Amino acid sequence: MVLLGAVLISVALAVFVVAPLLAADGARQQVLPIDVTPLADLKRRRLVVYENLQDLEFEYKAGKIARQDYDSLRQNYTAEAAQLMLASQEAEKPALSGHAFIEREVLARRARRRAAAPPDEYTCPKCGFENPLPVKFCGDCGAAIVARKRK
Ligand SMILES: [Zn+2]
């Protein structure tokens, strides 16, 4: 029963990993001798992982490999396959142009800086002393400070 489960899982995994390769652009990639895009590289690595899994399965069934080794190796391959799937999904997203990427980075950085900076300025409205810390009363003249939003 456990073995059946293991076989079912590996079959499902095989379909999961290979089906997108066959469905999408397998034919197109066969025309080109070497596709050097990152996405193609990820797909190749996925195929390699899949082959390794098949070999592992075969060797385990042939009694060439200990259960413990089989389990840990299979876990490694499965994790790697999952990681490659994720990476492929990332790579398949419409790529941000260089400009849009920089813009997004700048916005994110600004947001981070805003979050890190003290939100208010504590400049005294009476004497103009810039209190370096959030205070309720001016450190210089003792006037009440109402925190203003930093522009
Ligand atoms: Zn003051």
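Residues numbered from 1 in each chain as written. Predicted model: local features only at pLDDT ≥ 70, side-chain atom pairs only at ≥ 80, totals over all residues. Heavy atoms only, no water.

Caption draft 1: Just the overall build of the protein chain, in detail. Tallying secondary structure elements over the protein chain gives five helices and three strands in all. Traced from its N-terminal end to its C-terminal end, the protein chain shows the element sequence α-α-α-α-α-β-β-β. Look at the contacts in the protein chain between residues 6 or more apart in sequence, and 47% of them connect residues 24 or more apart. Accessible area of the protein chain: about 11,400 Å², with a carbon and sulfur share of 61%. (Helix = DSSP H or I, 4+ residues; strand = E, 2+ residues; numbered from the N terminus. Contact = heavy atoms within 4.5 Å. Areas by Shrake-Rupley, 256 points an atom, 1.4 Å probe, with all protein chains shown as cover.)

Caption draft 2: Expanded view of the environment of Glu57. With respect to the helices and strands, Glu57 occurs in helix α3 (residues 38-61). Between the C-alpha atom of Glu57 and that of Ala6, which follows or precedes it by 51 residues, the distance is 9.5 Å. Every residue in contact with Glu57, bar those within four places of it in the chain, is listed here: Ser10, Tyr70 and Arg74.

Caption draft 3: Looking closely at the nonpolar core. Residues Ala6, Leu42, Val49, Leu53, Leu56, Tyr60, Ile65, Tyr70, Tyr77, Ala81 and Leu84 constitute the largest nonpolar core, which totals eleven residues. Tallying contributions element by element places α3 first for this core, with five residues. Apart from the residues within four sequence positions on either side, Tyr77 is in contact with Val49, Asn52, Leu53 and Leu56. Grouped together as the second largest cluster of nonpolar side chains are five residues, Tyr122, Cys124, Cys138 and Ile145 included. (Core = buried A, V, L, I, M, F, W, Y, C linked by side-chain atoms within 4.5 Å. Buried < 20%, exposed > 50% of the residue type's maximum accessible area, 1.4 Å probe, protein only.)

Caption draft 4: Representation of a positive patch on the surface in the model. Judged by side-chain charge, Arg109, Arg110, Arg112 and Arg113 come together as a positively charged surface patch. With a relative accessible area of 48%, Arg110 lands in the partly exposed category. (Patch = residues over 30% accessible without salt bridge, like charges linked within 9 Å, V, L, I, M, F, W, Y side chains within 5 Å. Salt bridge = Lys/Arg side-chain N within 4 Å of Asp/Glu carboxyl O. Lys, Arg positive; Asp, Glu negative; His and termini not counted. Charge placed at Lys NZ, Arg CZ, Asp CG, Glu CD.)

Caption draft 5: How the structure looks around the coordination of the zinc ion. Each protein donor to the zinc ion is listed here as Cys124 (SG), Cys127 (SG), Cys138 (SG) and Cys141 (SG); together their distances run 2.2 to 2.4 Å. Bound by four donor atoms, the zinc ion shows angles of 105 to 118° at the metal and therefore tetrahedral coordination geometry. Positions of the donor residues of the zinc ion along the chain correspond to the pattern C-x2-C-x10-C-x2-C. Residue Cys127 is located in the loop between β1 (120-123) and β2 (130-131), and its partner Cys141 is located in the loop between β2 and β3 (148-149); the two are separated by 14 residues in the primary sequence. (Donors = N, O, S within 2.8 Å, 3.2 Å for Na, K, Ca; no water. Tetrahedral: all angles 85-135°; square planar, octahedral: opposite > 155°, others 65-115°.)

Caption draft 6: A nonpolar patch on the surface, seen in detail. On the surface, Phe101, Ile102 and Val106 cluster together to form a nonpolar patch covering roughly 260 Å² of accessible area. Following the sequence through the fold, Phe101 ends up in helix α5 (residues 98-116).

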